[in-house]
Amino acid sequence: MKWITREKVKVDRVACPWLIKKFVDPDAEFAFLPHDTDWASVHDGTVYDVPGCELGHHGEEVSFDAILRKYGLIDPSLALLAQIVRAADSRPSCPHPAGEGIRWIAHGFSALGLSDHEILEREFIVYNALYAECRKRVVA
């Protein structure tokens, strides 16, 4: 499947591809289009994390939450990870304290001048580690 979102990825637009590759579509391909794209005219893939789309922000929830819900991913460790992504990518009323660190990491990767695909490749290991910690904390 082809998944399409805005270019210059940070937080949710990195966390979502990680989630998709790991739990939804291991063969997923990702395309990153300019922010001013007419998203309603994009029909050659699944659009996520753009204004007004199903797999986007809704209230305090971010695209990561929307993907969890749409694909029935009920792992408590992913629910904890969603709290962290939400805190890093939006301003929820009760943010998880780890969110600020993920926000810093995302902005740091962005400052390195890497392509969106290079950022995904490098940051996926961060999300693997974060998920491992979430699993440990949920079990404890």
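Throughout what follows, the structure given in this document is the object of discussion. Just so it is clear, the model here is predicted, and its values are computed rather than measured.

## Concerning the overall build of the protein
Right, on to step 1. Along the protein, the regular secondary structure elements total 5 helices and 3 strands.
Right, on to step 2. What you see in the protein, going N to C, is helices and strands ordered as β-α-β-β-α-α-α-α.
Right, on to step 3. Taking 14 Å as the expected radius of gyration for a compact globule of 140 residues, we find that the protein reaches 14 Å, a close match to that expectation.
Right, on to step 4. Referenced to the eigenvectors of the C-alpha coordinate spread, the extents of the protein come out at roughly 45 × 35 × 30 Å.
Right, on to step 5. Expressed as a percentage of the 140 residues in the protein, the buried residues total 46%.
Right, on to step 6. Sequence-distant contacts in the protein: of pairs separated by 6 or more residues, those separated by 24 or more amount to 65%.
Right, on to step 7. Total accessible area computed for the protein in this model is approximately 7400 Å², and 56% of it derives from carbon and sulfur atoms.

## Details of the packing of helix α4 (residues 99-111) against helix α5 (residues 116-139)
Right, on to step 1. With their axes 11 Å apart at the nearest point, α4 and α5 run at an angle of 165° to one another. One way to sum up the angle between α4 and α5 is to call them roughly antiparallel. Note on packing geometry: the crossing formed by α4 with α5 is right-handed. For the pair α4 and α5, the contacting residues are Ile-102, Ile-105, Ala-106, Phe-109 and Ser-110 in the first and Ile-119, Arg-122, Glu-123, Val-126, Tyr-127 and Leu-130 in the second.
Right, on to step 2. By residue class, the composition of the contact of α4 with α5 is 8 nonpolar, 1 polar and 2 charged.

## Details of the environment of Val-85
Right, on to step 1. As for its position among the elements, Val-85 is in helix α3 (residues 76-89).
Right, on to step 2. Judged by relative accessible area, Val-85 falls into the buried class, the value being 0%.
Right, on to step 3. With 28 residues separating them in the primary sequence, Val-85 and His-57 have C-alpha atoms 12 Å apart.
Right, on to step 4. For Val-85, the residues in contact, after removing those within four places along its chain, are Val-11, Asp-12, Ala-15, Val-62, Phe-64 and Tyr-127.

## Brief notes about α3
Right, on to step 1. An ideal rise of 1.5 Å per residue puts 20 Å on 14 residues; α3 measures up with 20 Å between its terminal C-alpha atoms.
Right, on to step 2. What α3 keeps buried is the set Ser-77, Leu-78, Leu-80, Leu-81, Ala-82, Ile-84, Val-85, Arg-86, Ala-87 and Ala-88.
Right, on to step 3. Tucked inside the fold, the buried residues of α3 contact α1 (12-24), α2 (63-70), α4 and α5.

## A look at the environment of Thr-37
Right, on to step 1. The topology assignment puts Thr-37 in the loop between β2 (29-33) and β3 (46-47).
Right, on to step 2. Sequence spacing of Thr-37 and Glu-60 is 23 residues, and the spatial spacing of their C-alpha atoms is 24 Å.
Right, on to step 3. A polar contact of 2.7 Å, which involves the side chain of Thr-37, links it to the backbone oxygen of Pro-34.

Calculation notes
- Residues numbered from 1 in each chain as written.
- Predicted model: local features only at pLDDT ≥ 70, side-chain atom pairs only at ≥ 80, totals over all residues.
- Heavy atoms only, no water.
- Helix = DSSP H or I, 4+ residues; strand = E, 2+ residues; numbered from the N terminus.
- Rg over C-alpha atoms; globule rule 2.2 N^0.38 Å.
- Buried < 20%, exposed > 50% of the residue type's maximum accessible area, 1.4 Å probe, protein only.
- Contact = heavy atoms within 4.5 Å.
- Areas by Shrake-Rupley, 256 points an atom, 1.4 Å probe, with all protein chains shown as cover.
- Axes fitted to C-alpha atoms, helices over the stretch in contact; angles between N-to-C directions.
- Parallel < 35°, antiparallel > 145°, perpendicular 65-115°, else oblique.
- Left-handed = near helix turned anticlockwise from the far one by under 90°.
- Nonpolar A, V, L, I, M, F, W, Y, C, P; charged D, E, K, R; others polar.
- Expected span 1.5 Å × (residues − 1).
- Polar contact = N/O pair within 3.5 Å; in protein donor to acceptor, adjacent residues only side chain to side chain.

Limitation: the analysis is restricted to geometry and does not speak to function.
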